[in-house]
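Residue strings, one per chain:
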Amino acid sequence: MPTALEELARPVLIGRSSSHFTRITRIFAAEMRIDYSFRVVRDLMSSDPEDYGGNPALRIPALQTSRGAWFGALNVCRELWRRSSPRPRVVWPEDLDEPLLANAQELVLQAMATEVSLIMAGLAGTGDGNAHHAKMRKALTNMMSWLEENARPVLAALPPHRDLSFLEVTLFCLVTHLEFRGVLPTASYSELNGFCQQFATRASCSGTAYRFDT
Ligand SMILES: N[C@@H](CCC(=O)N[C@@H](CS)C(=O)NCC(=O)O)C(=O)O
């Protein structure tokens, strides 16, 4: 049994094992060797912020720490990095200072957000058959085509002396999640699949495989 002090020192991650934004943070936690407890949000239709670690946006992930709660994947990853020792060399979104790399990060995060909207519309029963839904699907396939076409130069342009980049972690979580949730067939994205196969060899990826929490 952990003592009360250890409990405070050990952050609590609020999320779901089937969520791509949550997986980003779990991969970071593993790479940073940060121990944490995991609290599953059972009902994504809940409108109580307390169910989401206090996040008024009613979204996961959130990280509760002795310093306060951190909302959203990027904030959580940054806090996990600050807690790590030694601190790995991480390439963050603000380090991507040319259009190709910066746009790749934007499109990965937007594709993840669009996927969330499509899945949530499906859960709410307001899915197929309306113009906005069709536009979201078109935008998602456009973004994935752009990422497939540009994957090679994007990955080659990342700073070589890195242990990890937020871009690669998010790209991995996006592509593997599209497949896991059956949102879009991904077999034709050979560059992206090649990247995922290589990235998946990290222990942080094999230890955080998507699954539905029971
Ligand atoms: N900006 C947030 C987005 C998080 C997000 O959209 N999470 C999804 C799960 S992967 C969610 O909470 N969906 C619930 C909803 O859309 O109501 C982040 O970067 O973490």
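Calculation rules
Within each chain, residue numbers correspond to sequence positions counted from 1 in written order. Confidence filtering applies because this is a predicted model: local features only for residues at pLDDT of at least 70, side-chain atom pairs given and counted only at 80 or more, and all residues used for totals across whole chains, interfaces and linings. Note that the side-chain values use all heavy atoms of the structure and ignore hydrogens as well as water. If DSSP finds at least two bridges between two strands, the strands pair. Numbered from the N terminus, helices here are DSSP runs of H or I no shorter than four residues, and strands are runs of E no shorter than two. Helix axes are fitted to C-alpha atoms over the stretch in contact, other axes to C-alpha atoms as well, and angles between N-to-C directions run from 0 to 180 degrees. Whether two residues are in contact is decided by their heavy atoms, any of which lying within 4.5 Å being enough. Proximity is defined per residue: any heavy atom of the residue falling within 4 Å of a molecule or strand makes that residue near it. By the criterion applied in these results, polar contacts are pairs of N or O atoms within 3.5 Å in which, for protein atoms, one can donate a hydrogen and the other can accept it, and in which residues neighboring in sequence qualify only through two side-chain atoms. Per-residue accessibility takes into account occlusion by the displayed protein chains alone, with areas from the Shrake-Rupley method and a 1.4 Å probe.

## Describing the sheet that holds strand S2 (residues 37-40)
Taken together, the 4 strands give an open sheet; going across it, the order is S2-S1-S3-S4, and neighbouring strands pair in mixed fashion. Edge positions in the sheet fall to S2 and strand S4 (68-71), since each has one partner strand and no second. Averaged over all pairs of adjacent strands, the angle between their axes in this sheet comes to 20 degrees, without regard to strand direction. Pairing between strand S1 (residues 12-15) and S2: 4 bridges, direction parallel. Residue pairing in the sheet places isoleucine 14 in a bridge with arginine 39 of S2. Packing of helix H2 (residues 20-31) onto the sheet brings it into contact with S1 and S2, and relative to S1 it is tilted by some 155 degrees.

## Looking at the site of the ligand
Surveying the vicinity of the ligand reveals the residues Ser19, His20, Phe21, Arg59, Ile60, Pro61, Gly72, Ala73, Val116 and Met120. In the environment of the ligand, a nitrogen atom lies 2.8 Å from a nitrogen or oxygen atom belonging to the backbone of isoleucine 60. A distance of 2.8 Å separates an oxygen atom of the ligand from a polar atom in the backbone of alanine 73. A total of 510 Å² of accessible area belongs to the ligand in isolation, and the protein chains cover 77% of it.

## Points about the pairing of strand S3 (residues 62-65)
On any regular strand, side chains alternate: one points to one face of the sheet, the next to the other face. For S1 and S3, the ladder comprises 3 bridges, and the chain directions are antiparallel. Bridge pairing in S3 links leucine 13 to leucine 63. Here 4 bridges tie S3 to S4, and the two strands are oriented antiparallel to one another. Bridge pairing in S4 places leucine 63 opposite tryptophan 70.

As far as function goes, none of this settles anything; it's purely spatial.
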